[in-house]
Amino acid sequence: MRAFQYLPHIAAIFSGTQAAPQSSNPLAKGAPKSAYWSIPTTPIGPVQPEVATGPNAVNNNATYDPSAIKDAKPVKAKIQAAAACSGPVTSNPSGFWMDQQDHSGNSRGYAPFLDGFFNYQTWRNVQSYGAKGDGTGDQTAAIQNALNDNSNGGTRYKGPLGAQPAHVYIPSGTYQLGSKLDLRKGTIIMGDPNNPPILKAARGFSGEVLIEGRDYASAPETNFMIMLRNVILDTTALDASQKISALTWGVAQGSGLGNVKINMPSSSTGHTGIRIEAGSTIAVTDVQITGGAIGIFNTNQQVVFKNIYFKFCTTAYVAPAGFNSLLQGVTFDTCGVGIDATKSHGDVILLDSESKNSGNTVVFRDSSNDNGPRNNQVVIQNLVHNTDNPIAVTLTNQVVLSAKATVDTWVWGNAVPGQYQKGQSYSNARSPALLDGSGKFFTKDAPTYAGYAKDQVVNVKAVPGLGVKGDGRTDDSASLNAILAQNAANCKITYFPYGVYIVKDTLFIPPGSRIVGEAWPVISGAGSRFKDANNPAPVVKVGNANDVGVAQISDMRFTVAEPLPGAKIMEWNIEGSQKGDVGIWNSVVNIGGFKDSTVTFTCSSQDPCQAAHTGVHFTSSSSVYAQNLWVWTADHSEDGEAPLQIISTGRGILVESTKATWLVGSGSEHHWLFGYNFNGAMNVYAGLLQVESPYNQGRGAVKVAPAPWTARNGDPDFSWCVGGDGYCRSSVGINVQNSQNIYLYSSSTWSFFDGEWNGQYGQDNQCGVQDGTYCQLNMNRVTGSSSLSWYGVNTKAGEVMVFDGQANPKAFNNPGGWGGNLVAYRQFA
């Protein structure tokens, strides 16, 4: 949730339907099994389903009821392992395995906390709605119907996010569009990865946008969970001077792009590939953009652009706003200008990139003599460059970095030690454990398992003898643990249709696991095992200590079904046999905010309830690649009316791995003690870390940190503060202690409010806006014998940017971006 200029529109998300009486809910305590399991299925498609009668004719708009949970039955299934199993068997499948699943029977995905859930289709194929991929006609209406359909004759527009998700599949082919498509929150749009479909603007296209990524039901800062993957966008049929954007992308956390190609006319004066207007996304990854006047136009708050290939763009990347941009693994191929940062509001970092056959790599405005914010700051690290054109040029055409074959590290902007650096060069060593074969930080896109046939995939709801329900009321832990063990032993891919899978015991993900979700299915911890804050237990445990192998998770959501002070939602212990064998992509960890948890409706006191112990823990034996991971303690409800969200999660993302950890585009918001804690860690790369402090800390807070938690095991204990001083005892955005070989790029630690939280997001309620005060004393912290290099430290409304006991750089002395901006923090490099 972003407190930004668009927040007056936030009220739109609070519309919803009142919960039905408990007695009419088929998932309520005491309801007979027949109330659900006799429900008839309906076909996929834009067909008005039959109106159910009898026990099925109910409004299921209810929240999770812990008293209704049924304990798991003992599982006696025999696990038979394949001999010498080394992985799923590759083949040349005729179609995509996910589309070939049974999406109409009892094993299909459904949304258990939605009205008429038994008719609702979470999976939809656009061709079932009449879309033709033959390159003819206008397919806009048919595809839009697939995006909008609520399976009840209405629309998903302005509907609940978590309770009404959709996974929209586009088979191979060319789909001609006569006008724009509007995407929806809570939606994964996925093309066939074996042969991505083309969404092509038809001649005579009406409008200035081909794909509208933003859902106008919400402000950009709450456009959560929109994914677009495995598609080609094409505007080449339009005149090169026509003003059009192939994709607008004003979205927020949980959203992302992957394996997207954009084709535009070369020598264009009007076409833009991706236009990012406002929003608070964290990752745009693996995109190829060809042609156009502008490749990417970005005004988003913070974002990592990973593995973007620009070819024949007049200007590849333009940043007229936005506070920090990290371009990692970017290629400028035969482009006029690489980066135009002449009007940026913060900094731009170019990392592990290449410029070939192109003009100036970076053009920016020298802000060294500005009295106010010193914006347009630049970092270039590990650049390969093959022309005689200058690398860095100011707005006044002053060459400040001449052509050279390679650049190690070059900085223009606020720095510690020192002050404003005007073209300072550094030598930057890197831990080999984090690198690929070319000396770049290792990266890996989300797996699609495109080369596998459907017989290599197991649907967890379709395993004989193991009755997994995903109904939000049944304890599925025993059956799921048996299935995961069997799939790992037999090297099968595990597929979760959408559902809410309650687990009252730890869900163990063994080596050999490959897990893929449909529309972010939910694993939700419940029960007494997770209630002791002094003895926390993982809801999901990935491997045991010292395990080595494969464990991959993508497109999933993990949460708690009720306040559980002892719930460590995810614990990772395993190391990959090779880099990228262990990882998580495009996934969400949330505490509250959705209808599937009582946290959303019961945690509203100014004395915040302890809802979860830790979001994600990477233990000392783990080695994990995490990309586009959002860990959110909710500040509002995304599923209809709810009281104030005043929730306390003890810890956000805890990294104690000593082997290798990669965090590529991650957010960790509103956690009580810290957003990120690198505690005794080694060999960590983190590109784009986004943090928001809890809204109810700071001056006037009812509870000051560490209360209501007890600090232990490396937690910040705030012993450096006076007792009761809420201004000092506020969550540490990024805490680095006793850690070695830590490489941080583009961090955004924001603070907006202090005191009692009233649920109002207007600018006049924000500290640090109207009265010029800060919300909290220390935004980040470095302590102990830590070694790190940190480029792009961005803070808002924190007085001290990095509390380190030595420099303690303050925002006042390093103005830029949304408050404070340090492009280079090398105090302990």
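Residues numbered from 1 in each chain as written. Predicted model: local features only at pLDDT ≥ 70, side-chain atom pairs only at ≥ 80, totals over all residues. Heavy atoms only, no water.

Caption draft 1: Here's a closer look at the pairing of strand E41 (residues 609–618). Among the 10 residues of E41, 8 are classified as buried, and the element is accordingly described as predominantly covered. Relative to E41, strand E38 (residues 564–572) is paired through 5 bridges, and the arrangement is parallel. Looking at E41, one finds that Trp572 is bridged to Phe618. Summarising the sheet, E41 and strand E43 (residues 647–655) pair through 7 bridges and their orientation is parallel. Residue pairing for E43: Ala612 is matched across the bridge by Thr649. (Buried < 20%, exposed > 50% of the residue type's maximum accessible area, 1.4 Å probe, protein only. Helix = DSSP H or I, 4+ residues; strand = E, 2+ residues; numbered from the N terminus. Pairing = 2+ DSSP bridges.)

Caption draft 2: Up close: unusual backbone geometry. The amide bond that connects Ala705 to the next residue, Pro706, takes the cis arrangement and shows omega of 5°. Here Pro706 lies in the loop between strand E46 (682–692) and strand E47 (732–737). Look at the link from Ala707 to Pro708: it is a cis peptide, with omega at 10°. By the secondary structure assignment, Pro708 is in the loop between E46 and E47. Residues other than glycine seldom take positive phi values, yet Asn586 does so here, at roughly 50°.

Caption draft 3: Molecular detail of the side chain of Asn230. For Asn230, the position within the fold is in strand E8 (residues 226–234). Accessibility expressed as a relative area gives 1% for Asn230, which makes it buried. A distance of 3.0 Å separates a polar atom in the side chain of Asn230 from a polar atom in the side chain of Asn259. Residues in contact with Asn230, not counting those within four places in the same chain, are Met190, Gly191, Asp192, Pro193, Pro196, Pro197, Gly258, Asn259 and Thr448. (Polar contact = N/O pair within 3.5 Å; in protein donor to acceptor, adjacent residues only side chain to side chain. Contact = heavy atoms within 4.5 Å.)

Caption draft 4: Fine view of the sheet that holds strand E49 (residues 776–783). Taking strand neighbours across the sheet as the criterion, the 9 strands line up as E31-E34-E38-E41-E43-E45-E47-E49-E51 in an open arrangement whose pairing is parallel. In this open sheet, the two edge strands, each paired with only one partner strand, are strand E31 (507–509) and strand E51 (798–803). Direction aside, neighbouring strands of the sheet carry axes that sit 15° apart on average. Bridge count between strand E45 (residues 674–679) and E47: 5 bridges; the pairing is parallel. Opposite Phe674, over in E47, you have Val732 as the bridge partner. (Axes fitted to C-alpha atoms, helices over the stretch in contact; angles between N-to-C directions.)

Caption draft 5: Layout of the sheet that holds strand E4 (residues 181–182). The strand order across the open sheet formed by 10 strands is E4-E7-E9-E11-E13-E15-E18-E20-E22-E23, and the pairing between neighbours is mixed. With partners counted over all chains shown, the strands left at the sheet margins are E4 and strand E23 (399–401), one partner each. Bridge count for strand E18 (residues 337–341) against strand E20 (residues 362–364) is 3 bridges, and the pairing is parallel. Note on E20: the bridge partner recorded for Ala341 is Phe364.

Caption draft 6: Structural detail: empty space enclosed by the protein. Per the stated rule, a full pass over the model turns up 7 cavities of 30 Å³ or more. Taken together, Thr633, Ala634, Asp635, Gln645, Ile646, Ile647, His670, Pro694, Tyr695, Asn696 and Trp757 make up the lining of the largest cavity. Here the lining of the largest cavity is built from residues that sort into 6 nonpolar, 4 polar and 1 charged. (1 Å grid on protein atoms, 1.4 Å probe; cavity = no way out; pocket = protein on both sides within 12 Å on 5 of 7 lines; lining within 4 Å. Points joined across faces, edges and corners; volume = space filled by probe spheres on them. Nonpolar A, V, L, I, M, F, W, Y, C, P; charged D, E, K, R; others polar.)

Caption draft 7: Structural context of the state of the cysteines. Following the criterion strictly, the structure yields 3 disulfides and no others. Here Cys603 connects covalently by a disulfide to Cys609, the sulfurs 1.8 Å from one another. Its S-S torsion of approximately 100° makes the covalent link between Cys603 and Cys609 right-handed. In this model, Cys721 is linked to Cys728 through a disulfide, with the two sulfur atoms separated by 1.9 Å. In this structure, the disulfide formed by Cys721 and Cys728 twists by about -70° around the S-S bond and is classed as left-handed. Just as Cys721 is buried, Cys728 falls in that class too. Residue Cys313 stays outside any disulfide, its sulfur separated by 4.5 Å from that of Cys335, the closest cysteine. In this structure Cys313 comes out as buried when scored by relative accessible area, which is 2%. (Disulfide = S-S within 2.5 Å.)

Caption draft 8: Quick peek at the UniProt feature "domain: Rhamnogalacturonase A/B/Epimerase-like pectate lyase" (unreviewed entry) in the protein chain. UniProt feature "domain: Rhamnogalacturonase A/B/Epimerase-like pectate lyase" (unreviewed entry): in the numbering of this structure it lies at residues 123–340 and 465–529. When the span residues 123–340 is considered, its composition is 4% helix and 43% strand, and the gap between its end C-alpha atoms is 41 Å. Along residues 465–529 the backbone is 20% helical and 38% strand, and the end-to-end C-alpha distance reaches 26 Å. (UniProt positions renumbered as here; feature names shortened; annotations may be inferred.)

Caption draft 9: A look at the pattern of salt bridges. In this structure the tally under the stated criterion is 20 salt bridges. Between Glu212 and Lys180 there is a salt bridge; the shortest N-O distance is 3.6 Å. Of this pair, Glu212 sits in strand E7 (residues 209–212) while Lys180 sits in the loop between strand E3 (174–177) and E4; the two residues are 32 residues apart in sequence, bridging distant segments of the chain. With a closest N to O distance of 3.3 Å, Asp471 and Arg473 form a salt bridge. One salt-bridge network, held together by shared partners, links Lys180, Asp182 and Glu212. (Salt bridge = Lys/Arg side-chain N within 4 Å of Asp/Glu carboxyl O.)

Caption draft 10: Focus on helix H2 (residues 140–148). The buried count for H2 comes to 7 of 9 residues, which makes it a mostly enclosed element. Buried within H2 are the following residues: Thr140, Ala142, Ile143, Gln144, Ala146, Leu147 and Asn148. The secondary structure elements touched by the buried residues of H2 are strand E1 (123–125), strand E2 (166–170), E3, E4, strand E5 (187–191) and strand E6 (198–201).

Caption draft 11: Seen up close, the confidence of the model for the protein chain. Per-residue pLDDT for the protein chain has a mean of 90; in total, 91% of the residues score no lower than 70. pLDDT under 50 marks residues 1–61. Its contacts with residues more than four places away, or in other chains, come to 148 contacts. (pLDDT = per-residue confidence, 0-100.)

Caption draft 12: Highlighting the nonpolar core. Judged by nonpolar contacts, the single largest core of 96 residues is most densely connected at Ile553, Phe558, Met570, Trp572 and Phe678. Those residues in contact with Ile553, other than ones at most four positions away along the chain, are Ile509, Ile515, Val542, Phe558, Met570, Trp572, Gly583, Ile584, Trp585 and Ser587. Ranked by size, the runner-up nonpolar core spans 82 residues in total, among them Val126, Phe305, Val330 and Ala561. (Core = buried A, V, L, I, M, F, W, Y, C linked by side-chain atoms within 4.5 Å.)

Caption draft 13: Seen up close, the packing of aromatic side chains. Scanning the entire structure with this criterion turns up 43 aromatic pairs. Note on Trp97 and Tyr495: the rings are 5.7 Å apart at their centroids and 85° apart in plane angle, and the pair reads as edge-to-face. Taken together, the residues Trp97 in the loop between helix H1 (34–37) and E1 and Tyr495 in strand E29 (residues 493–496) connect sequence positions 398 residues apart. What makes Trp97 buried here is its relative accessible area of 0%. Linked through ring pairs, Phe323, Tyr695, Trp750, Phe752, Phe753, Trp757, Tyr761 and Trp818 together constitute an aromatic cluster. (Phe/Tyr/Trp six-rings, centres within 6.5 Å; stacked < 30°, edge-to-face > 60°.)

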